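An overview of the molecular structure
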Amino acid sequence: MTHQQATRRYFMIFVPSMIGYMAATIGVVWARDHADLPAMGLYVLAALPIIAILCTFWAHWRFITEIDEFLRTIQIKAVLFGLVCLMVMASVWGTLENLAGAPALDVFWLVPTFWLSYGAAALVITKRDGGVF
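Quick summary incoming for the structure in this document. Worth saying up front: this structure is predicted, and the values here are computed from it rather than measured.

Observations concerning the side chain of R62
Structurally, R62 is set in helix α2 (residues 39–66). Its relative accessible area of 19% is what places R62 among the buried residues. Discounting chain neighbours no more than four positions away, the residues touching R62 are R9 and I13.

Digging into the packing of aromatic side chains
The way to describe two aromatic rings as a pair is by their centre distance and the angle between their planes. Under the definition given, this model contains twelve aromatic pairs. Seen from their ring centres, F57 and W115 are 5.5 Å apart, and the 15° between their planes marks the pair as stacked. Within this pair, whereas F57 is found in helix α2, its partner W115 is found in helix α4 (residues 110–129), the two being separated by 58 residues in sequence. Residue classification places F57 among the partly exposed positions, given a relative accessible area of 34%. Here the aromatic residues Y10, F11, F14, F57, F63, F114, W115 and Y118 are joined through ring pairs into a cluster of three or more.

A look at the pattern of salt bridges
Going through the model one piece at a time under the given rule, you end up with five salt bridges. Among the salt bridges present, the one from R9 reaches E66, with a minimum N-O distance of 3.0 Å. One end of the pair, R9, is in helix α1 (residues 3–34); the other, E66, is in helix α2, and 57 residues separate them in sequence. Accessibility expressed as a relative area gives 33% for R9, which makes it partly exposed. On the basis of relative accessibility, which here comes to 18%, the residue E66 falls in the buried class. Between R128 and D129 there is a salt bridge, with its nearest N and O atoms 2.9 Å apart. Judged by relative accessible area, D129 falls into the partly exposed class, the value being 28%. Ionic contacts of the salt-bridge type, sharing partners, join the residues R9, R62 and E66 into one network.

Cut-offs used in this document
Residues numbered from 1 in each chain as written. Predicted model: local features only at pLDDT ≥ 70, side-chain atom pairs only at ≥ 80, totals over all residues. Heavy atoms only, no water. Helix = DSSP H or I, 4+ residues; strand = E, 2+ residues; numbered from the N terminus. Buried < 20%, exposed > 50% of the residue type's maximum accessible area, 1.4 Å probe, protein only. Contact = heavy atoms within 4.5 Å. Phe/Tyr/Trp six-rings, centres within 6.5 Å; stacked < 30°, edge-to-face > 60°. Salt bridge = Lys/Arg side-chain N within 4 Å of Asp/Glu carboxyl O.

Take it as geometry only, folks, not as evidence of what the structure does.
Here it is as structure tokens:
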């Protein structure tokens, strides 16, 4: 499979999944604030964005396995950078919460933090190593 084919397959799942994730998250927040739903109803609705974000991770996993070794190395480095950013954020803020009384940081922000840091790293590493966008 060519890089272009793998990329097209990736975005055919990634883009709708992210749109679904955002729409479902907004919908669940609206339902939580405006609808009189029982707790179990909110748990069921909350499964929608969870399923969407799991689809994005699966699509990314499949994409990484379908590209050649050079591009796979770039992707793995970018994923590792994203995970390091998450660990640093969680470690630093968790320490500040526990030891200095900092306000709690909502774990919801871990997913956007990962994708933003991964994306930035993928761009920089690809440009530095001469990869293909």
